[in-house]
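Examination of the molecular architecture
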Amino acid sequence: MAKPDAVDASPSTAIFLCEDKATGQAVGTMRVQSTTRGGTKLEIEKYVVPPPELELHGRAEITRLSSILGADPFVRLALWKAAYLYCMATQARWLMIGVRKPALIRAYERMGARDIFDDKKTVPLGHAGNLPHRVLALDIGSCDQTWRAENHPMLNFMVGTVHPDLCIFPSVHRYPAEQIRLHVA
């Protein structure tokens, strides 16, 4: 991943870079691919066929979400919020997520994500080292309503707080491989 690949350069992909406000140091990154920006298939869809109800709408996938060792946990939250806002802005209704770690699976399920397979089977994902993953889908269009109904702990952060440094809109009409920079304190 030291060099951009074809997915990075695609107009259906946005690369997000989170920088420390004080130092300018890169502290986190993620890639969001969407079918609403000219892409027909997500990387994850090379290994799984989405249920018909997902195929009727725009879909997105987050990959390469990472932060530097010792980074403030807010970095990943800021990137997650940027992905949520990006999906809303690009009208990607469904977010497909390949997950391995049980704690992350529980966190995504708490956010409203559900397995796309009734039996919760795992699938080896070629773009994730051929390791077995559960495949979840999150209905971005109903997140706000779900989080409000459950009084979800992330509700205020995700939809009740304006974070001016989370600017995703230049990415909506961008040139290929443009990086979106997020500045965190």
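To start, this report covers the structure provided alongside it. (Residues numbered from 1 in each chain as written. Predicted model: local features only at pLDDT ≥ 70, side-chain atom pairs only at ≥ 80, totals over all residues. Heavy atoms only, no water.)

Bringing the pairing of strand 7 (residues 131-139) into the picture now. Of all nine residues in strand 7, seven are buried, a share of seventy percent or more. Two elements, strand 4 (residues 94-99) and strand 7, share six bridges in a ladder whose sense is antiparallel. Each residue of the ladder has a partner; that of Val-99, found in strand 7, is Arg-134. Relative to strand 7, strand 5 (residues 114-115) runs antiparallel, the two sharing two bridges. Looking across to strand 7, one finds that Asp-115 is bridged to Leu-136. Two strands pair when backbone bridges link them, and strand 6 (residues 122-125) and strand 7 are joined in this way by four bridges, in the antiparallel orientation. Opposite Thr-122, over in strand 7, you have Arg-134 as the bridge partner. Linking strand 6 back to strand 7 in an antiparallel pair, the connection comprises five residues, with Gly-129 at a positive phi of about 70 degrees. (Buried < 20%, exposed > 50% of the residue type's maximum accessible area, 1.4 Å probe, protein only. Helix = DSSP H or I, 4+ residues; strand = E, 2+ residues; numbered from the N terminus. Pairing = 2+ DSSP bridges.)

Moving on to the packing of aromatic side chains. Evaluation of the coordinates by the stated rule reveals four aromatic pairs. Look at Phe-16 and Tyr-86: their rings are 5.6 Å apart centre to centre, the planes differ by 85 degrees, and that puts the pair in the edge-to-face class. Of this pair, Phe-16 sits in strand 1 (residues 13-20) while Tyr-86 is found in helix 3 (residues 74-90), placing the two residues 70 residues apart along the sequence. Here Phe-16 falls in the buried class, since its relative accessible area comes to 0%. Relative to Phe-157, the ring of Phe-74 lies with its centre 5.6 Å away and its plane at 85 degrees, an arrangement referred to as edge-to-face. Residue Phe-74 is located in helix 3, and its partner Phe-157 is located in helix 6 (residues 155-160); the two are separated by 83 residues in the primary sequence. A residue is classified by how much of its surface remains accessible, and Phe-157, at 15% relative accessible area, is buried. Positioned above the aromatic ring of Phe-117 is the side chain of Lys-121, whose terminal nitrogen or guanidinium carbon lies 4.6 Å from the ring centre. (Phe/Tyr/Trp six-rings, centres within 6.5 Å; stacked < 30°, edge-to-face > 60°. Lys NZ or Arg CZ within 6 Å of the ring centre and 35° of its normal.)

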